[in-house]
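A structural walkthrough
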Amino acid sequence: MKKVIEVENLTKDYGDLRAVNEINFEVQEGEIFGFLGPNGAGKTTTIKMLCALLAPTSGSARIAGLDVAKNPMEIKKQIGLVFQTSSLDDRLTGRENLSFHSRLYNVERKLEKERIKELGERVGLSDRLDDRVKNYSGGMKRRLELIRGMIHHPHVLFLDEPTLGLDPQTRSYIWDYIQELKRKEDISIFLTTHYMDEVELANRAAIIDEGDIIALDSVEALKDQLGGDLIFLETEDNEKAYKELEKEFDIEIERVDSKLKLTVEKGEQLIPQLTRVLSSNIKSINLHEPTMDDVFLHLTGKEIRENAPEDNSMEKRMMH
């Protein structure tokens with residue numbers, strides 16, 4: 001499969017502080033690539049380097065075969081970018097925002113009109129494009145930014161926390177639109193997010209922590225690192241149940257608070273066997289299939305939701 005992004009030893013230093021440390025990865029054409037990490041891990045710094053908005057200290061990056069450092073203007077024609085915070089002009093209408101963007105990219109007027117009509121229909125904004133953006137909801141602004149990033153037919157769409165600050169229902173709608181755009185436009189998507197359910201939609205994901213990529217694989221392979229499903233079991237006599245389970249099954253068992261935690265393969269098939277084997281009455285039993293939350297906690301030792309979305313804190317610190 002063709003590589004649309006190639007990163008080799010990409011590094012960014014701010015004085016004595018290293019924000020991104022010699023990272024390496026590739027993104028295949030047509031895939032959704034998740035880029036995960038806590039606040040300050042280096043996600044936004046990486047995106048800025050890939051989008052030719054920030055010069056790397058060392059290393060290299062190529063998009064669609066073009067070296068980012070040597071061809072910044074050409075790179076910007078190959079990509080679309082949706083920032084964490086809105087960059088729309090609230091005083092203009094949706095259509096005017098899109099038209100202004102397409103002029104910057106030298107989109108022909110006829111094609112511009114066709115793209116605005118086509119993309120507006122895809123995200124359900126056709127009847128609101130002539131309203132001023134200041135009257136849009138947060139979800140509508142996000143949809144407008146999505147199609148603005150697509151108007152010039154980019155090879156790669158960079159989404160930096162695309163659903164930040166939206167309610168769960170609106171987040172779900174936005175992802176429906178993203179997937180619809182990907183199907184129809186046949187593009188690659190580079191995504192940063194701290195919502196782990198969104199990462200489940202990626203083909204592959206890289207986890208970055210303190211500037212280093214500490215894991216990179218398909219989402220399923222990353223979850224498989226945890227060794228299987230988790231079963232949380234509480235009985236009237238946990239010690240007795242522990243001994244019975246240890247004798248009967250070759251599985252990992254831990255005492256966690258008032259429960260027993262079992263790490264198993266195909267947990268849904270094991271539960272009926274547990275009920276037959278245990279002589280102590282079961283008070284509760286809960287099957288938990290591994291999620292990307294579990295993977296992140298396992299690899300970094302921290303909960304990503306404890307961290308705010310990444311800002312430009314490293315750059316701000318160097319300015320003071």
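Residues numbered from 1 in each chain as written. Predicted model: local features only at pLDDT ≥ 70, side-chain atom pairs only at ≥ 80, totals over all residues. Heavy atoms only, no water.

1. A short note on the pattern of salt bridges
Side chains that differ in sign of charge can pair as their charged atoms come close. Filter applied, for reference: We define a salt bridge as a side-chain nitrogen of Lys or Arg found within 4 Å of a carboxyl oxygen belonging to Asp or Glu. Where helices and strands are cited, they refer to DSSP runs of H or I of at least four residues and of E of at least two residues respectively, numbered from the N terminus. Type-normalised accessible area, obtained with a 1.4 Å probe on protein chains alone, sets the label of each residue: buried when under 20%, exposed when over 50%, and partly exposed for intermediate values.
The full count for this structure, using the stated rule, is 26 salt bridges. Put simply, Lys-141 and Asp-90 hold a salt bridge, and the shortest N to O gap is 3.7 Å. Of the two residues, Lys-141 is situated in helix α5 (residues 138–150) and Asp-90 in the loop between β6 (79–82) and α3 (94–104); the sequence distance between them amounts to 51 residues. Judged by its relative accessible area of 30%, Asp-90 falls in the partly exposed class. In this structure, Lys-261 engages Glu-254 in a salt bridge whose closest nitrogen and oxygen atoms are separated by 3.5 Å. Look at the salt bridges and you will find they share partners, linking Arg-115, Glu-118, Arg-122 and Glu-185 into a network.

2. With respect to helix α9 (residues 238–248)
Our working rule: The arc in question is traced by the directions running from the helix axis to the C-beta atoms. The contact criterion used is simple: two residues touch if any of their non-hydrogen atoms lie within 4.5 Å.
Buried residues of α9: Asn-238, Ala-241, Tyr-242 and Leu-245, and no others. Taken around the axis of α9, the buried residues stretch over an arc of 105 degrees, which confines them to a single face. Facing away from the buried side of α9, by more than 90 degrees, are the exposed residues Lys-243 and Lys-247. Tucked inside the fold, the buried residues of α9 contact β11 (229–235), β12 (252–256), β13 (259–264) and α10 (267–277).

3. With respect to the pairing of strand β2 (residues 17–28)
Just so we agree on the cut-off: Paired strands, in this sense, are two strands between which DSSP finds at least two bridges.
As paired elements, strand β1 (residues 3–14) and β2 share 8 bridges and run antiparallel to each other. Its bridge partner being in β2, Ile-5 is matched across the sheet by Val-27. Connecting β1 to the next strand, β2, in antiparallel fashion are 2 residues, including Gly-15 with a positive phi near 65 degrees.

4. A closer look at the side chain of Gln-28
With respect to the helices and strands, Gln-28 occurs in strand β2. A relative accessible area of 17% means that Gln-28 is categorised as buried. For Gln-28, the contacting residues outside a window of four places in its chain are Met-1, Lys-2, Lys-3, Val-4, Ser-188 and Arg-204.

5. Describing the sheet that holds strand β5 (residues 66–67)
Sheet strands line up and pair through hydrogen bonds in the backbone, either parallel or antiparallel. So the rule is basically this: Lines fitted to C-alpha atoms define the axes, with helix axes restricted to the stretch in contact, and inter-axis angles between N-to-C directions lie between 0 and 180 degrees.
Taken in spatial order, the 4 strands of this open sheet run β2-β1-β4-β5, and their pairing is antiparallel. The open sheet terminates on both sides in strands that have one partner only, identified here as β2 and β5. Of the strands in this sheet, β1, β2 and β4 (58–63) touch helix α1 (residues 43–50), which is tilted by about 120 degrees from β1.

6. Focus on the sheet that holds β13
Pairing within the open sheet is antiparallel, and its 4 strands lie in the order β12-β13-β11-β14. Looking at which strands have only one partner, the edges of the open sheet turn out to be β12 and β14 (282–288). Taken pair by pair, the neighbouring strands of this sheet meet at an average axis angle of 20 degrees, ignoring direction. As judged from the 5 bridges shared by β12 and β13, these two strands associate in the antiparallel manner. Residue Ile-253 lies in a different strand from β13, and its bridge partner there is Leu-262. Against the sheet, α9 engages β11, β12 and β13, with an angle of about 20 degrees to β13.

7. Overview of the packing of α3 against α5
Defined as follows: Relative orientations are named as follows: roughly parallel for angles under 35 degrees, roughly antiparallel for angles over 145 degrees, roughly perpendicular for angles from 65 to 115 degrees, and oblique for any other angle. In this scheme the handedness of a crossing depends on how the near helix is turned from the far one: anticlockwise by less than a right angle means left-handed, clockwise means right-handed. Under the scheme applied here, ten amino acids are nonpolar (Ala, Val, Leu, Ile, Met, Phe, Trp, Tyr, Cys and Pro), four are charged (Asp, Glu, Lys and Arg), and all others, including Gly, are polar.
The geometry of α3 relative to α5 is characterised by a closest axis approach of 9 Å and an angle of 25 degrees between their N-to-C directions. It follows from the interaxial angle that α3 and α5 lie roughly parallel. In the packing of α3 onto α5, the handedness of the crossing is right-handed. In contact with Gly-94, Asn-97, Leu-98 and His-101 of α3, α5 contributes Leu-144, Ile-147 and Arg-148. Broken down by class, the residue content of the contact of α3 with α5 amounts to 3 nonpolar, 3 polar and 1 charged.

8. Description of the nonpolar core
Under the convention used in this document: What we call a nonpolar core is a set of buried Ala, Val, Leu, Ile, Met, Phe, Trp, Tyr and Cys residues that are connected through their side-chain atoms within 4.5 Å.
Ranked by size, the top nonpolar core spans 39 residues in total, and within it Leu-144, Leu-146, Leu-159, Ile-189 and Met-292 carry the most contacts. Among the elements that take part in this core, α5 stands out by supplying 5 residues, more than any other. Beyond its immediate sequence surroundings of up to four residues, Ile-189 is in contact with Glu-31, Ile-32, Phe-33, Leu-157, Leu-159, Ile-178 and Lys-182. In terms of nonpolar packing, the next biggest core, distinct from the first, is built from 30 residues, Val-7, Val-20, Ile-23 and Leu-50 among them.

9. As for unusual backbone geometry
Most peptide bonds take the trans configuration, and most residues that are not glycine carry a negative phi. Of note, Ala-64 is a non-glycine position whose phi angle comes to about 50 degrees, a positive value. Mapping Ala-64 onto the fold places it in the loop between β4 and β5. Positioned with a positive phi, Glu-161 is a non-glycine residue whose angle comes to about 55 degrees. Its relative accessible area of 1% is what places Glu-161 among the buried residues.

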